[in-house]
Amino acid sequence: MRRPAASLLALAFLAGPAMAQGLAPEERRSGAAFMGPQTQAMQADDSANPGMLWVLQGGGLWEQPGASGPSCAGCHGPAAESMRGVAARYPALDASGGRPIDVAGRVNQCRTQRQGAPALARESEELLALTTFVTHQSRGLPVAPPAEPRLDVYREAGRQMFSSRMGQLDLSCADCHEDNWNQRLAGSAVTQAHPTGYPLYRLEWQGIGSLQRRMRNCMIGVRAEPFAAGSEEFIALELYLMQRAAGMEIETPAVRP
């Protein structure tokens, strides 16, 4: 199956940053705007939003000590204060590695380096719960990508991947989510692909899922070989999507069909 070449990252490094603006600010719409009234109401009501179960689970894990280290709360204190606004700035630069890291990656980094606990698998219940809990603390705040020049080359790589055709269907992300948003595909709304609600609850999944899971599903849908979970390619795409959504409100946990 055709996929964007891994060399896109290398090409972006050679080309240097040349950020595209994506949709005009007045055109941007949250994915919630494309949902039916029942789904919108479910997301808006915390007592009906099934994603809140993962927020509660993550809150419990936040208080649990590690194998040989403190709990998350032991280092960071109350999440409502210490984590407020954090997810709005991720992915961010990992100073130790010189590369971007997403919220899930940072959670795992804290577990292994500070708690003496093993890293959690991507899409595992525990990692999704902790990531949802941390991101939820930024709900209602605007996406604010870090003004870090060392991230520009990764954002550019993400832009190139977003605009590159892939798979047997020979489609790019932009073909659907910029050129044909507000249309329907197999009965479902084509949204603008803003990442403001992730991790989010999908009725189709009957559970919470990450942005990378959704991007993986899109790649499979166009019959392309998906990138590996947690890969540099997925994080570069996430960086670009967050830049593209700058100023839009975090909604986690959103609800989608």
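Provided above is the structure to which this section pertains.
Keep in mind that what you see is a predicted model, and the values were worked out from it rather than measured.

**Student:** Any chance you could explain the side chain of H177 here in plain terms?
**Tutor:** Residue placement: H177 occurs in helix α9 (residues 173-177). A polar contact is formed between the side chain of H177 and the backbone oxygen of T191, at a distance of 2.8 Å. When sequence neighbours within four positions are dropped, the list of residues in contact with H177 reads L23, F162, V190, T191, Q192, A193, C218 and R244.

**Student:** Looking at this structure, how should I read the nonpolar core?
**Tutor:** If you look at soluble globular proteins, the nonpolar side chains tend to sit buried side by side. The biggest cluster of nonpolar side chains holds 26 residues, and the ones touching the most others in it are W62, M83, Y90, V103, F133 and V134. When residues in this core are grouped by element, the largest group, six residues, is from helix α7 (residues 125-136). Ignoring any residue separated from it by four or fewer positions in sequence, one finds V103 in contact with A87, Y90, T131, V134 and T135. In terms of nonpolar packing, the next biggest core, distinct from the first, is built from 20 residues, W205, L211, F234 and A254 among them.

**Student:** Teacher, can you tell me more about the environment of M242 here?
**Tutor:** For M242, the location among the structural elements is in helix α11 (residues 232-244). A residue is classified by how much of its surface remains accessible, and M242, at 6% relative accessible area, is buried. Distance from M242 to T196, taken between C-alpha atoms, is 8.0 Å for residues 46 residues apart in sequence. In this structure, M242 is in contact with A87, A88, Y90, P91, V143, P145 and P195, ignoring residues within four places of it in sequence.

**Student:** I would appreciate a short explanation of the packing of aromatic side chains in the present structure.
**Tutor:** Aromatic ring pairs: the centre-centre distance and the angle between the two ring planes describe each pair. Under the definition given, this model contains five aromatic pairs. Aromatic side chains F34 and W181 sit 6.2 Å apart centroid to centroid with 90 degrees between the ring planes, which places their arrangement in the edge-to-face category. You can see F34 sitting in the loop between α1 (7-15) and α2 (37-44) and its partner W181 sitting in the loop between α9 and β3 (184-185), a full 147 residues away along the chain. Arranged with centres 5.9 Å apart and planes meeting at 55 degrees, the rings of W54 and Y201 form a pair that is tilted. Here W54, found in helix α3 (residues 52-62), pairs with Y201, found in strand β5 (residues 200-202); they are 147 residues apart in sequence, far enough to count as distant. The buried category is assigned to W54, whose relative accessible area is 11%. For Y201, a relative accessible area of 8% gives the class buried.

**Student:** What exactly am I supposed to notice about helix α6 (residues 103-115) here?
**Tutor:** Each turn of an α-helix holds 3.6 residues, which means side chains three or four residues apart point in the same direction. Between its terminal C-alpha atoms α6 stretches 17 Å, which fits the 18 Å expected from 13 residues at 1.5 Å a residue. For α6, the set of buried residues is V103, A104, G105, V107, N108, Q109, R111 and Q115.

**Student:** Where do I start with the sheet that holds strand β6 (residues 207-209) in this structure?
**Tutor:** The strands making up a sheet associate through hydrogen bonds between their backbones, and the pairing can be parallel or antiparallel. A sheet is described by the order of its strands in space; here three strands give the open sequence β6-β5-β7, paired in mixed fashion. Two strands lie at the open edges of the sheet, namely β6 and β7 (255-256), each paired on one side alone. With three bridges joining them, β5 and β6 adopt antiparallel strand pairing. Note that in β6 the partner of L200 across the bridge is G209.

**Student:** Explain unusual backbone geometry here, please?
**Tutor:** Outside of glycine, negative phi angles account for most residues, and trans bonds account for most peptide bonds. With an omega of 0 degrees, the peptide bond running from Y90 to P91 counts as cis. Structurally, P91 is set in the loop between α5 (79-82) and β1 (92-94). For the peptide bond that leads from T252 to P253, omega is 0 degrees, which places it in the cis range. Positionally, P253 belongs in the loop between α11 and β7. With phi around 55 degrees, D170 is a residue other than glycine that occupies positive phi space. As for its placement among the helices and strands, D170 is situated in the loop between α8 (152-163) and α9. When its relative accessible area of 30% is taken as the criterion, D170 is described as partly exposed. In this model, R223 sits at a positive phi of 65 degrees, which is unusual for a non-glycine residue. Inspection of the secondary structure assignment puts R223 in the loop between α10 (211-221) and α11.

About the criteria used
Residues numbered from 1 in each chain as written. Predicted model: local features only at pLDDT ≥ 70, side-chain atom pairs only at ≥ 80, totals over all residues. Heavy atoms only, no water. Helix = DSSP H or I, 4+ residues; strand = E, 2+ residues; numbered from the N terminus. Polar contact = N/O pair within 3.5 Å; in protein donor to acceptor, adjacent residues only side chain to side chain. Contact = heavy atoms within 4.5 Å. Core = buried A, V, L, I, M, F, W, Y, C linked by side-chain atoms within 4.5 Å. Buried < 20%, exposed > 50% of the residue type's maximum accessible area, 1.4 Å probe, protein only. Phe/Tyr/Trp six-rings, centres within 6.5 Å; stacked < 30°, edge-to-face > 60°. Expected span 1.5 Å × (residues − 1). Pairing = 2+ DSSP bridges.

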